[in-house]
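# A look at the structure
Below, each chain spelled out in residue letters.
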Amino acid sequence: QVQLQQWGAGLLKPSETLSLTCAVYGGSFRDYFWTWIRQPPGKGLEWIGMTSHGGSSDYNPSLKRRATISLDTSKNQVSLKVISVTAADTAVYYCARGFGPHILREVFRNNWFDPWGQGTPVTVSS
Amino acid sequence: DIQMTQSPSSLSASVGDSLTITCRAGQSINNYLNWYQHKPGKAPNLLIYAASTLQSGVPSRFSGSGSGTDFTLTISSLQPEDFATYYCQQSYGTPWTFGQGTKVEIK
C-alpha cells in the first residue's frame with residue numbers, strides 16, 4: 001500500500017523560501033502525477049500545482065509563479081519550493097498522488113488525488 | 001477559475017441519520033467531480049471520484065451523483081467515524097478548485 005511521508009521546515013520568516021519534501025513508499029512512482037495542496041488556518045483547501053514524469057507541470061496562478069514542484073525519481077520523492085513567502089503562505093501543506101484515465105497521455109482532466117500525505121504545518125512570521 | 005459552492009456549510013446529525021451534501025459548479029464540469037473526507041490532524045481521504053465512483057475501501061453507505069453543474073454526496077446511516085468535513089473538488093480545468101467544505105457534527 002502506497003504511503004506518502006512529508007517533511008520540511010515549519011517556521012519561516014517573510015521573504016524566505018518554503019521547501020518541503022514528500023517521499024513515496026510502495027507502489028509505482030511513474031504511473032501517476034504528483035501534486036501539492038494547502039489549507040490556511042480556518043480555511044478550505046487550495047490546490048498549489050502538479051507535475052508529471054512526462055514533464056508536464058501546472059500551477060495555481062494565485063501563487064504568482066512563486067511555486068515549483070519537482071521530482072527526484074532516484075529517491076521516489078516530490079518536492080515543493082515556494083519563494084518569497086509571506087504570512088499568507090501560512091498553512092498546512094499536503095502532497096498527494098494524482099491519477100486519472102488519461103494521465104499516461106499527459107492529459108490532466110478527470111483526475112483525483114489519492115492518497116495524501118500527513119500534512120506539514122508551515123508558519124510564516126517575523 | 002471554476003467556483004465550487006457547497007451547501008450547507010455545516011450540519012448537525014445523529015448516528016443512523018442519512019444526509020446529503022450539495023456541490024454546485026460555476027460552469028458545467030461534466031462528471032469531473034471528486035469528494036474527500038477530512039478529519040482534523042489527518043490527511044484528506046478520497047471517497048468518490050468521477051461524481052459517482054466509490055473509491056476502493058470506502059464503505060458503501062457513501063454515494064455520489066450528478067453531472068454538469070449540480071452534484072450530491074449522500075451518506076446513508078451515519079456512523080460515528082463519519083463526523084468530519086467534506087470537500088468537493090473539480091478536475092475539469094486548472095486551477096483545480098475545492099468547495100469551501102461542509103462540516104458534519106454530532107447532534
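Residues numbered from 1 in each chain as written. Chains lettered and ligands numbered in written order. Predicted model: local features only at pLDDT ≥ 70, side-chain atom pairs only at ≥ 80, totals over all residues. Heavy atoms only, no water.

### Things to note about the nonpolar core
The nonpolar side chains of a soluble globular protein tend to be buried, and buried together. For clarity, the threshold we go by: Put simply, buried Ala, Val, Leu, Ile, Met, Phe, Trp, Tyr and Cys residues joined by side-chain atoms within 4.5 Å make one nonpolar core. Throughout this description, buried means an accessible area under 20% of the type-specific maximum (1.4 Å probe, protein chains only), exposed means over 50%, and partly exposed covers the range between. Starting at the N terminus, helices and strands are each numbered in turn, a helix being any DSSP run of H or I of at least four residues and a strand any DSSP run of E of at least two.
With 25 residues, the main nonpolar core has Met4(B), Leu19(B), Ile21(B), Leu33(B), Trp35(B), Tyr86(B) and Val104(B) as its most contacted residues. Looking at this core, the elements with two or more residues in it are strand S2 (10–13), strand S3 (19–25), strand S4 (33–38), strand S5 (45–49), strand S8 (70–75) and strand S9 (85–90) of chain B. With four residues, S3(B) is the largest single contributor of residues to this core. Judged by nonpolar contacts, the second largest core, of 24 residues, contains Leu20(A), Phe29(A), Tyr93(A) and Val124(A).

### Brief notes about the sheet that holds strand S8 (residues 77–82) of chain A
All names here are of chain A. Spelled out, the test is: Pairing between strands is defined by DSSP: at least two bridges between the two strands are required. Only the stretch in contact is used when a helix axis is fitted, and all axes are lines through C-alpha atoms; the angle between N-to-C directions ranges over 0 to 180 degrees.
With antiparallel pairing, four strands are arranged side by side in an open sheet as S1-S3-S8-S7. A single partner strand is all that each edge strand has here, and the edge strands are strand S1 (3–8) and strand S7 (67–72). Direction aside, neighbouring strands of the sheet carry axes that sit 20 degrees apart on average. Judged from the six bridges that link them, S1 and strand S3 (residues 18–25) form a sheet pairing that is antiparallel. In the sheet register, Gln-3 faces S3, and the bridge partner there is Tyr-25.

### Remarks on the layout of surface pockets
Basically, it comes down to this: Here a cavity denotes a set of grid points, spaced 1 Å apart and computed over the protein atoms alone, in which a 1.4 Å probe fits but from which it cannot get out, and a pocket denotes an open set meeting protein on both sides within 12 Å along at least five of seven lines; residues with an atom within 4 Å of a point are reported as lining. Grid points are joined across faces, edges and corners, and a volume is the space filled by probe spheres set on the points. Gly is placed with the polar residues, together with every amino acid not listed as nonpolar (Ala, Val, Leu, Ile, Met, Phe, Trp, Tyr, Cys and Pro) or charged (Asp, Glu, Lys and Arg).
Computed from the structure, the largest pocket encloses a volume of approximately 420 Å³. Broken down by secondary-structure element, the contributors of at least two residues to the lining of the largest pocket are strand S9 (91–99) and strand S11 (120–124) of chain A together with S9 and strand S11 (102–106) of chain B. For the lining of the largest pocket, the residue count by class is 11 nonpolar, 10 polar and four charged. Here the second largest pocket is characterised by a volume of approximately 310 Å³. Taken together, 19 residues line the second largest pocket, and the ones lying closest to its centre are Leu45(A), Glu46(A), Thr97(B), Phe98(B) and Gly99(B).

### Notes on the interface of chain B and chain A
Inclusion rule: Should any heavy atoms of two residues lie within 4.5 Å, those residues are counted as being in contact. When two parts are put together, the accessible area they lose, computed with a 1.4 Å probe and summed over both, is reported as buried area. Residues adjacent in sequence count toward polar contacts only when both atoms are side-chain atoms; beyond that, a polar contact is any pair of N or O atoms within 3.5 Å, and within protein one must be able to donate a hydrogen and the other to accept it.
Each partner contributes residues to the interface: chain B has 20 residues there, and chain A has 23 residues. Approximately 1900 Å² of surface area, both sides summed, lies buried where chain B meets chain A, with 62% of it carried by carbon and sulfur atoms. It is Pro44(B), Trp96(B) and Phe98(B) in chain B that bury the most area against chain A; as a group they hold 33% of the surface buried on that side. For the pair chain B and chain A, the number of links is nine residue pairs in polar contact (both at pLDDT 80 or more).

### Brief notes about the environment of Val122(A)
Residue and element names in this part refer to chain A. With respect to the secondary-structure elements, Val-122 resides in strand S11. Separated by 81 residues in sequence, Val-122 and Pro-41 place their C-alpha atoms 10 Å apart. Setting aside chain neighbours within four positions, we find Val-122 in contact with Ala-9, Gly-10, Leu-12, Leu-18, Leu-20, Asp-89, Thr-90, Ala-91 and Tyr-93.

### Concerning the sheet that holds strand S7 (residues 62–67) of chain B
Pairing between the strands of a sheet comes from backbone hydrogen bonds, and it takes one of two forms, parallel or antiparallel. Residues and elements named next belong to chain B. Taken together, the four strands give an open sheet; going across it, the order is S1-S3-S8-S7, and neighbouring strands pair in antiparallel fashion. Looking along the sheet, the strands with just one partner apiece sit at the ends: strand S1 (4–7) and S7. Looking at each pair of strands side by side, their axes are set apart by 15 degrees on average, direction ignored. Bridging between S3 and S8 involves six bridges; their strand directions are antiparallel.

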